[in-house]
Amino acid sequence: RGDFTLLFVAAILLVLASASYICPIILQKVKGLNIDLKENKMSKKEKYIWIICFFSATFMILLTWYLAYYPGIFSGDAIDQYVQALDGEYNDWHPALQTLFTYTLPLKITGRVESIILFQILEFSGVLSYLLYTILRYTKKKYAIFSFLYIILNPVTGSILMRPWKDVSFAMSAMLLMAYGLHIYITDGK
């Protein structure tokens, strides 16, 4: 057991030493990248077409995941939140706002448990569409399309969206804040 611990510590030190050598090289390469940030002129019709395309493509890909994992994957924590939504008695083990929005709202609207994941997919599709539209608005189309493909074709995205976890709600909030932040940065707060 002592040999394993020593080997583990040595491996960690090797990784840290490598990272301290490699990270500055990577940062130098990244500094060389230049993304021209300026507002692209698009007609109202073109804006709507891009947003609808982003939303539809995201929703259709995630709907495929949903159909494969119908009605979704519910862990023990998810079942606890589901019970909270049914009983109307919320505790602070899970964020109450997330429980209300992710569980209670779909259940109140539809009365069906499978609506929880479907609503989450709709929300994610909307947030991702807004983020991608923001990227498209201030950069070249290739960056928005690459971002879309990178996010939606990543198997982790589809997998985690089949679970009504707070991580998904936090990820959607982070994406929305990134879009707001990018917009605020480029417009100097306008």
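Everything numeric in this text was worked out from a predicted model, so none of it was measured. (Residues numbered from 1 in each chain as written. Predicted model: local features only at pLDDT ≥ 70, side-chain atom pairs only at ≥ 80, totals over all residues. Heavy atoms only, no water.)

A. Molecular detail of the side chain of serine 125. Mapped onto the elements of the fold, serine 125 is located in helix α5 (residues 115-138). From its side chain, serine 125 meets the backbone nitrogen of phenylalanine 59 in a polar contact 3.5 Å long. With sequence-adjacent residues up to four places away left out, serine 125 is seen in contact with Phe55, Thr58, Phe59 and Leu62. (Helix = DSSP H or I, 4+ residues; strand = E, 2+ residues; numbered from the N terminus. Polar contact = N/O pair within 3.5 Å; in protein donor to acceptor, adjacent residues only side chain to side chain. Contact = heavy atoms within 4.5 Å.)

B. Main features of the pattern of salt bridges. A complete count under the given rule lists two salt bridges for this structure. The partner of glutamate 46 in a salt bridge is lysine 141, with the nearest N and O atoms 3.6 Å apart. On the criterion of sequence distance, the pair formed by glutamate 46 in helix α2 (residues 44-68) and lysine 141 in helix α6 (residues 141-152) is long-range, its members being 95 residues apart. As a salt-bridge pair, arginine 112 and glutamate 114 come within 2.5 Å of each other at their nearest N and O atoms. (Salt bridge = Lys/Arg side-chain N within 4 Å of Asp/Glu carboxyl O.)

C. Quick look at the packing of aromatic side chains. Scanning the model with the defined rule gives seven aromatic pairs in all. Centroid distance tryptophan 65 to tyrosine 69: 5.8 Å. Interplanar angle 15°. Geometry classified as stacked. We classify tryptophan 65 as partly exposed; its relative accessible area is 23%. Note on tyrosine 69: relative accessible area 37%, which makes it partly exposed. Look at tyrosine 130 and tyrosine 180: their rings are 5.8 Å apart centre to centre, the planes differ by 70°, and that puts the pair in the edge-to-face class. Here tyrosine 130 is found in helix α5, whereas its partner tyrosine 180 is found in helix α8 (residues 166-186), with 50 residues between them in sequence. An aromatic cluster is built from Trp50, Phe54 and Phe148, whose rings are joined through pairwise contacts. (Phe/Tyr/Trp six-rings, centres within 6.5 Å; stacked < 30°, edge-to-face > 60°. Buried < 20%, exposed > 50% of the residue type's maximum accessible area, 1.4 Å probe, protein only.)

D. Seen up close, the environment of tryptophan 50. Relative to the helices and strands, tryptophan 50 is located in helix α2. Expressed as a C-alpha distance, the spacing of tryptophan 50 and leucine 67, which sit 17 residues apart in the sequence, is 26 Å. With residues near it in sequence (within four places) discarded, tryptophan 50 still touches Met42, Leu136, Lys141 and Ile145.

E. Structural detail: unusual backbone geometry. In the segment running from tyrosine 70 into proline 71, the intervening peptide bond is cis, with an omega of 0°. By secondary structure assignment, the location of proline 71 is in the loop between α2 and α3 (76-87).

F. Broad picture of the packing of α3 against helix α4 (residues 96-110). Close contact between α3 and α4 brings their axes to 9 Å; oriented N to C, the two are set at 65°. Crossing hand, α3 versus α4: right-handed. When α3 is examined against α4, the residues Ala78, Gln81, Tyr82, Gln84, Ala85 and Leu86 are found in contact with a partner set consisting of Gln98, Thr99, Tyr103, Thr104 and Leu107. Of the residues in the contact of α3 with α4, the class split is six nonpolar, five polar and no charged. (Axes fitted to C-alpha atoms, helices over the stretch in contact; angles between N-to-C directions. Left-handed = near helix turned anticlockwise from the far one by under 90°. Nonpolar A, V, L, I, M, F, W, Y, C, P; charged D, E, K, R; others polar.)

G. Quick look at the nonpolar core. Residues Phe54, Ile121, Phe124 and Leu128 are the most contacted members of the largest nonpolar core, which totals 27 residues. Counting only elements with at least two residues in this core, the list comes to α2, α5, α6 and α8. Not counting chain neighbours up to four residues away, the residues in contact with phenylalanine 54 comprise Ser129, Leu132, Tyr133, Leu136, Ala144 and Phe148. With five residues, the next largest nonpolar core counts Ala85, Tyr103, Leu107 and Ile116 among its residues. (Core = buried A, V, L, I, M, F, W, Y, C linked by side-chain atoms within 4.5 Å.)

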